[in-house]
Amino acid sequence: QVHLVESGGGLVQAGDSLRLSCAASGRTFSSYAMGWFRQAPGKEREFVAGITWNGGRANYADSVQGRFTISRDNAKNTVYLQMNSLKPEDTAVYYCAADKRRLPVVDRNANEYDYWGQGTQVTVSS
C-alpha cells in the first residue's frame, strides 16, 4: 500500500509558477512510476506528466510540455511537479498517482495507476 498526499496548490496569476509535491508513505516508493493528473470542473481527468520508477524517463502532455517538469526524490519519498508560465487553462485539481508496474516507459492511462492522492487545487487567474 502507498498513501499519497499532495501539497503546494494555490491561487496564482497567469505567468506565475508553482511547485506541487506529493509525499508517499511506505518503503517501496522507489519501485513505483509516478504520475500527475488533473481534473477541471466539467472535464475528465487528464494526464499531465509522469516519471518512471527509476526516474529514467519522463513524459508530458502536449499542453504542458516545456512549462512543467516532473522529478522525484526517492530518498524523500516525494515526487514534484514544477509548473512555470501558468495559464488560466491550467486551473484544476491536481492529483498524483502511483503505478506499481515497473515499466520502462510512462503510462498515460489513469486506469493503470494503483494509488491516488486526494488532490490539490490550482487556480490561475488571468
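Reading the values: the criteria
Residues numbered from 1 in each chain as written. Predicted model: local features only at pLDDT ≥ 70, side-chain atom pairs only at ≥ 80, totals over all residues. Heavy atoms only, no water. Phe/Tyr/Trp six-rings, centres within 6.5 Å; stacked < 30°, edge-to-face > 60°. Helix = DSSP H or I, 4+ residues; strand = E, 2+ residues; numbered from the N terminus. Buried < 20%, exposed > 50% of the residue type's maximum accessible area, 1.4 Å probe, protein only. Pairing = 2+ DSSP bridges. Axes fitted to C-alpha atoms, helices over the stretch in contact; angles between N-to-C directions. Core = buried A, V, L, I, M, F, W, Y, C linked by side-chain atoms within 4.5 Å. Contact = heavy atoms within 4.5 Å. Disulfide = S-S within 2.5 Å.

1. Comments concerning the packing of aromatic side chains
And then number 1: In total, this model carries six aromatic pairs according to the counting rule given.
And then number 2: Relative to Tyr115, the ring of Tyr32 has its centre 6.0 Å away and its plane inclined at 85°; by these criteria the two rings are edge-to-face. Of the two residues, Tyr32 sits in the loop between β3 (18-24) and β4 (33-39) while Tyr115 sits in strand β10 (residues 115-116), which places them 83 residues apart along the sequence. Accessibility assignment for this pair places Tyr32 and Tyr115 in one class, buried.
And then number 3: Judged by centre distance (5.1 Å) and plane angle (80°), the ring pair of Phe37 and Tyr113 falls under edge-to-face. Taken together, the residues Phe37 in strand β4 and Tyr113 in the loop between β9 (92-99) and β10 connect sequence positions 76 residues apart. For the residue pair Phe37 and Tyr113, the accessibility class agrees, reading buried in each case.
And then number 4: A network of ring pairs unites the aromatic residues Phe37, Phe47, Tyr95, Tyr113 and Trp116 as a single cluster.

2. A short note on the sheet that holds strand β8 (residues 78-83)
And then number 1: Strand order across the open sheet formed by four strands is β1-β3-β8-β7, with antiparallel pairing between neighbours. Whereas interior strands pair on both sides, the edge strands pair on one side only; in this sheet they are β1 (4-7) and β7 (68-73). Pairwise comparison of adjacent strand axes, ignoring direction, gives a mean angle of 15° for this sheet.

3. Some details on the nonpolar core
And then number 1: Ranked by internal contacts, the top residues of the largest apolar core, which has 36 residues, are Leu4, Met34, Trp36, Leu81, Met83 and Tyr94.
And then number 2: Of all the secondary-structure elements, those providing two or more residues to this core are β3, β4, β5 (46-51), β7, β8, β9 and β11 (120-125).
And then number 3: Ranked by residues supplied to this core, first place goes to β9 with five residues.
And then number 4: Beyond its immediate sequence surroundings of up to four residues, Met83 is in contact with Asp16, Ser17, Leu18, Leu20, Arg67, Phe68, Tyr94 and Val122.

4. A closer look at the environment of Asp62
And then number 1: Here Asp62 shows up in the loop between β6 (58-60) and β7.
And then number 2: Between the C-alpha atoms of Asp62 and Phe47, which are 15 residues apart in sequence, the distance is 9.9 Å.

5. Re the state of the cysteines
And then number 1: In the structure shown here, the tally under the stated rule is one disulfide.
And then number 2: Across a sulfur-sulfur distance of 1.9 Å, Cys22 and Cys96 are joined as a disulfide pair. As the torsion about the S-S bond is roughly 50°, the Cys22-Cys96 disulfide counts as right-handed. Of the two residues, Cys22 sits in strand β3 while Cys96 sits in strand β9, which places them 74 residues apart along the sequence. Of the two residues examined, Cys22 and Cys96, each falls in the buried class.

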